[in-house]
2 protein chains.
Amino acid sequence: MFSKACEYGIKATIYIAVKSMRQERVSLKEIAEEVDSPVAFTAKILQSLAKSGIIDSHKGPTGGFQIEETKIDTIKLHDIVHAIDGDKIFVGCGLGLEQCDASQPCPVHDKFVGIRDNLKIMLKNTSLYELATGLEIGLTHLKR
Amino acid sequence: MFSKACEYGIKATIYIAVKSMRQERVSLKEIAEEVDSPVAFTAKILQSLAKSGIIDSHKGPTGGFQIEETKIDTIKLHDIVHAIDGDKIFVGCGLGLEQCDASQPCPVHDKFVGIRDNLKIMLKNTSLYELATGLEIGLTHLKR
DNA sequence: TTTATTTAGGATAAATTTGTCCGAAATAAG
DNA sequence: CTTATTTCGGACAAATTTATCCTAAATAAA
Ligand code: FES
Ligand code: FES
């Protein structure tokens, strides 16, 4: 469904959000630990999320990653997925035709579009805030 | 969403079904052509679909692939996807936790499970027959 | 200013998926 | 029986994704 990079990216962002809600910055090392992801690979992903403007990064001692608190509520899961995996999952054909086009549909088009759109709606409606809150109150988990 | 192998496999199976409904066997070469897929790679996929019992293969001149006509209606999209991509897409965690477990859910579990289940239901309800019919009457297409 | 710490970024490597090649095996037809 | 055709199956290669390593740049604190 999502790429490994995207899975790590989502988990990392949620973890950063939890910390940011407590005005805490968090280091790459800690993130990778808490999210159960390879450190160097996670670094790349966070780097790209920073470039996308979803998270902020700071170098040096006391450095690390954080998210502007006012943004935590407006950032949606969709934004993270789109930043990392692009829009193929949102607009791509289920059978890999170059372009999904209702006027020249593939055999699964009608059935697939509904699922795809549901996914998109879900991702657009899910805020980082609710995901972070669920984690903070111990309702959800980032690793097993 | 689906692997490339699965995309090719679905398209190939639909094409074979259309031909089988006319009591025609079809060669690998023709399939790859009509489905717009790499020949040798398609051969591997068809081979595995044959082992899974979804399609039948015959060697030699006049050989090729076909599907038992009585099965075309009972084979569901789910069977093809499961045969090629396994069940990760049906039971796997959206964030890649080793196991999706409602009693120890990841942050997206509640929202993800709904989408995942919808996909599963859709695939279980979609028969090869209807996909093949749509293609035969020119309503849908396998390449662009 | 020096040092320690942390992210940035480029090069590289490993793993997986996708794709190719070729000889073997089966089989239909002359 | 011989030949031509077609799938089978194993080895191999290319491309992509995932993951690592190392140096540079920034920066906070002594
Ligand atoms: S054309 Fe295939 S999903 Fe729309
Ligand atoms: S635990 Fe992640 S989707 Fe169920």
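Residues numbered from 1 in each chain as written. Chains lettered and ligands numbered in written order. Predicted model: local features only at pLDDT ≥ 70, side-chain atom pairs only at ≥ 80, totals over all residues. Heavy atoms only, no water.

Visitor: What's the story with the packing of aromatic side chains in this structure? I'm lost.
Guide: The geometry of an aromatic ring pair is captured by two quantities: the separation of the ring centres and the angle between the planes. Residue and element names in this part refer to chain A. This model, assessed by the stated rule, comprises 2 aromatic pairs over all chains. Each ring, one from Tyr-8 and one from Phe-41, has its centre 5.8 Å from the other, and the planes form 85°; the classification is edge-to-face. Of this pair, Tyr-8 sits in helix α1 (residues 4–20) while Phe-41 sits in helix α3 (residues 39–51), and the two are 33 residues apart along the sequence. Its relative accessible area of 36% is what places Phe-41 among the partly exposed residues. (Phe/Tyr/Trp six-rings, centres within 6.5 Å; stacked < 30°, edge-to-face > 60°. Helix = DSSP H or I, 4+ residues; strand = E, 2+ residues; numbered from the N terminus. Buried < 20%, exposed > 50% of the residue type's maximum accessible area, 1.4 Å probe, protein only.)

Visitor: Could you clarify how one ought to interpret the relation of the copies chain B and chain A in this entry?
Guide: Note that the two copies of the chain are related through a rotation about an axis and a translation along the same axis. You can overlay chain B on chain A at an RMSD of 0.0 Å; the transform is a turn of 180° with a shift of 0.0 Å along its axis. Such a combination of rotation and displacement between the chain copies is what one expects of a two-fold axis. When C-alpha positions in chain B are compared against the rotation axis, the closest is assigned to Met-1 of chain B, at 2.4 Å. A shared binding surface is used by both copies, with 100% of the interface residues of chain B retained as interface residues in chain A. (Least-squares fit on C-alpha atoms with pLDDT ≥ 70 in both. Contact = heavy atoms within 4.5 Å.)

Visitor: Mind showing me how you'd approach the protein's contact with DNA strand D here?
Guide: In the vicinity of DNA strand D, 24 residues are found, and the nearest of them are Pro-38 and Pro-61 of chain A together with Leu-28, Lys-44 and Ser-57 of chain B. Sugar and phosphate atoms represent 67% of those atoms of DNA strand D found within 4 Å of the protein. Within the backbone of Gly-60 of chain B, an N or O atom sits 3.0 Å from a sugar or linking oxygen of DNA strand D. Pro-61 of chain B is positioned such that a nitrogen or oxygen atom in its backbone is 3.5 Å from a base oxygen of DNA strand D. At the level of elements, α1 and α3 of chain A together with α3 (39–51), β1 (56–58) and β2 (64–66) of chain B are the ones that each hand at least two residues to the surface near DNA strand D. Considering only residue class, the surface near DNA strand D consists of 9 nonpolar, 9 polar and 6 charged. (Near = heavy atom within 4 Å. Polar contact = N/O pair within 3.5 Å; in protein donor to acceptor, adjacent residues only side chain to side chain. Nonpolar A, V, L, I, M, F, W, Y, C, P; charged D, E, K, R; others polar.)

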